[in-house]
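Chain by chain, the residues:
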Amino acid sequence: LVVESGGGLVQPGGSLRLSCRAPGIITSVFNSNVWGWYRQAPGKERELVASISGSRTNYADPVKERFVMSKDNAKKMVYLQMNNLRPDDTAVYYCNAHRGTSSTWGQGTQVTVSS
């Protein structure tokens, strides 16, 4: 189980921070997971926004230089700091925990960028 929070309505150019927690997860499992943030806009396929494995982070081209993904191993939390948001960032954002053949999705959190 993973649970996202932090979505909402923001004006273009604004910022939001999404959080993802995994209640009850064992520390070793949290640390060994590959964590990802995905998004799905209306009428579009779900796409990878950013991922973090160990200390290495990767970003999709549309969000490079604007989004920062991080995780706090002590708190067992994963974050996505989104800056300079644009209307085309509007989507449901999902947290994903991947380990081996196991993949766990959250329920998603809506991000709407509009004036």
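Enquirer: Just checking my understanding: could you explain unusual backbone geometry for this structure?
Expert: When glycine is set aside, most residues are seen to have a negative phi, and most peptide bonds are trans. For E65, which is not glycine, the phi dihedral falls at a positive 75°. You can see E65 is positioned in the loop between β6 (56-59) and β7 (67-72). With a phi angle near 55°, K76 is a residue other than glycine that sits in the positive phi range.

Enquirer: I would appreciate a short explanation of the nonpolar core in the present structure.
Expert: Inside soluble globular proteins, nonpolar side chains tend to come together where they are buried. One finds W35, W37, L80, M82 and Y93 to be the most contacted residues of the largest nonpolar core, which totals 27 residues. For this core, the secondary structure elements donating two or more residues are β3 (16-21), β4 (34-40), β5 (47-53), β7, β8 (77-82), β9 (91-99) and β11 (109-113). The element best represented in this core is β9, accounting for four residues. Discounting residues that sit within four places of it in the chain, L80 has contacts with L16, R17, L18, W37, V49, A50, F67, V68, M69 and Y93.

Enquirer: Help me understand the state of the cysteines, please; the structure alone is not making it clear to me.
Expert: Disulfide: a covalent bond connecting the sulfur atoms of a pair of cysteines. One pass over the full model with this rule turns up one disulfide. Across the disulfide from C20 sits C95; the S-S distance is 2.1 Å. Looking down the S-S bond of the C20 and C95 bridge, the torsion is -80°, so its handedness is left-handed. In this pair, C20 is assigned in strand β3 and C95 in strand β9, connecting sequence segments 75 residues apart.

Enquirer: Explain the environment of V49 here, please?
Expert: If you trace the backbone, V49 turns up in strand β5. Spatially, the C-alpha atom of V49 lies 18 Å from that of R21, the residues being 28 residues apart in sequence. Other than its neighbours up to four places away in sequence, V49 contacts W37, Y38, R39, N58, Y59, A60, V63, F67, L80 and Y93.

Enquirer: What is the right way to look at the sheet that holds β7 in this model?
Expert: Strand pairing in a sheet relies on backbone hydrogen bonds. The paired strands run either parallel or antiparallel. Overall, antiparallel pairing links the four strands, which are arranged β1-β3-β8-β7 in an open sheet. Each end of this open sheet is capped by a strand with a single partner; those strands are β1 (3-5) and β7. Across the sheet, the axes of successive neighbouring strands diverge by a mean angle of 15°, strand direction being ignored. One ladder, built from three bridges, connects β1 with β3; its direction is antiparallel. What sits directly across from S5, in β3, is S19.

Enquirer: What is the right way to look at the pairing of strand β10 (residues 102-105) in this model?
Expert: Pairing of β9 with β10, which is carried by four bridges, proceeds in the antiparallel orientation. Residue R99 lies in a different strand from β10, and its bridge partner there is S102. Remark: two residues form the turn of the hairpin made by β9 and β10, two consecutive strands paired antiparallel; G100 in that turn has positive phi of roughly 65°.

About the criteria used
Residues numbered from 1 in each chain as written. Predicted model: local features only at pLDDT ≥ 70, side-chain atom pairs only at ≥ 80, totals over all residues. Heavy atoms only, no water. Helix = DSSP H or I, 4+ residues; strand = E, 2+ residues; numbered from the N terminus. Core = buried A, V, L, I, M, F, W, Y, C linked by side-chain atoms within 4.5 Å. Buried < 20%, exposed > 50% of the residue type's maximum accessible area, 1.4 Å probe, protein only. Contact = heavy atoms within 4.5 Å. Disulfide = S-S within 2.5 Å. Pairing = 2+ DSSP bridges. Axes fitted to C-alpha atoms, helices over the stretch in contact; angles between N-to-C directions.

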